[in-house]
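The lines below spell out each chain.
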Amino acid sequence: MGNDQHFVQLKDIVKTYLPEDVPIGAIGEDSNFVKELNINSANLVDIILDVEDAFGIRLENEDMDKMHTVRDALNIITQKLQDKK
């Protein structure tokens, strides 16, 4: 599974938690979850849980602390999947 496919999968997860005033098209690799996508901390936790389920990985607190943008999330997902091999 390549990074493009990871992005599509992550975008699918994130769009569920977008507020009504944020269009799905606003989700880009450089989008900040809180500042640009207006995702609150409770929904961010839900996104993390969904990411764990979708990718079969476990995210630690330090991973969550580093996950500010979609690109950060993709990098963490890629690293976790490589570590799993």
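Quick notes on the rules
Residues numbered from 1 in each chain as written. Predicted model: local features only at pLDDT ≥ 70, side-chain atom pairs only at ≥ 80, totals over all residues. Heavy atoms only, no water. Salt bridge = Lys/Arg side-chain N within 4 Å of Asp/Glu carboxyl O. Helix = DSSP H or I, 4+ residues; strand = E, 2+ residues; numbered from the N terminus. Buried < 20%, exposed > 50% of the residue type's maximum accessible area, 1.4 Å probe, protein only. Axes fitted to C-alpha atoms, helices over the stretch in contact; angles between N-to-C directions. Parallel < 35°, antiparallel > 145°, perpendicular 65-115°, else oblique. Left-handed = near helix turned anticlockwise from the far one by under 90°. Contact = heavy atoms within 4.5 Å. Nonpolar A, V, L, I, M, F, W, Y, C, P; charged D, E, K, R; others polar. UniProt positions renumbered as here; feature names shortened; annotations may be inferred. Expected span 1.5 Å × (residues − 1). Arc of directions from axis to C-beta. Polar contact = N/O pair within 3.5 Å; in protein donor to acceptor, adjacent residues only side chain to side chain.

- For the protein, an unreviewed UniProt entry supplies the name Acyl carrier protein and the organism Arenibacter algicola.

## With respect to the pattern of salt bridges
Close approach of charged atoms allows side chains of opposite charge to pair.
Right, so step 1: Evaluated as defined, the whole model comprises 5 salt bridges.
Right, so step 2: One salt bridge in this structure joins D12 and K15, with 3.0 Å as the shortest N-O distance. You can see D12 and its partner K15 sitting in helix α1 (residues 3-15), 3 residues apart, about one turn around the helix.
Right, so step 3: On the accessibility criterion, K15 (36% relative accessible area) is partly exposed.
Right, so step 4: A salt bridge links D63 to K80, with the shortest nitrogen-to-oxygen separation between them at 2.9 Å.

## Brief notes about the packing of α1 against helix α4 (residues 70-84)
Two packed helices can be described by the angle between their axes and the distance between those axes.
Right, so step 1: It is at 10 Å that the axes of α1 and α4 come closest, and there the two elements cross at 120 degrees. The orientation of α1 relative to α4 falls into the category oblique. The handedness of the crossing between α1 and α4 comes out as right-handed. Two secondary-structure elements touch here, α1 through N3, H6, F7 and L10 and α4 through V70, A73, L74, I77, T78 and L81.
Right, so step 2: Among the residues forming the contact of α1 with α4, the class breakdown is 7 nonpolar, 3 polar and no charged.

## Notes on the UniProt feature "domain: Carrier" (unreviewed entry) in the protein
Right, so step 1: Those places that UniProt annotates as "domain: Carrier" (unreviewed entry) correspond, in this numbering, to residues 4-81.
Right, so step 2: As a span, residues 4-81 carries 58% helix and 0% strand, and end to end its C-alpha atoms are 15 Å apart.

## What to know about helix α2 (residues 41-55)
Right, so step 1: For α2, built from 15 residues, the straight-helix expectation of 21 Å at 1.5 Å per residue is met to within 8% by its first-to-last C-alpha distance of 21 Å.
Right, so step 2: Regarding α2, the residues found buried are L44, I47, I48, V51, E52 and F55. For α2, the buried positions fall inside an angular range of 140 degrees around the axis, keeping them on one side.
Right, so step 3: Buried residues along α2 sit in contact with α1, α3 (61-66) and α4.
Right, so step 4: Looking at where α2 begins, the residue whose side-chain oxygen comes 3.2 Å from the main-chain nitrogen of A42 is N40.

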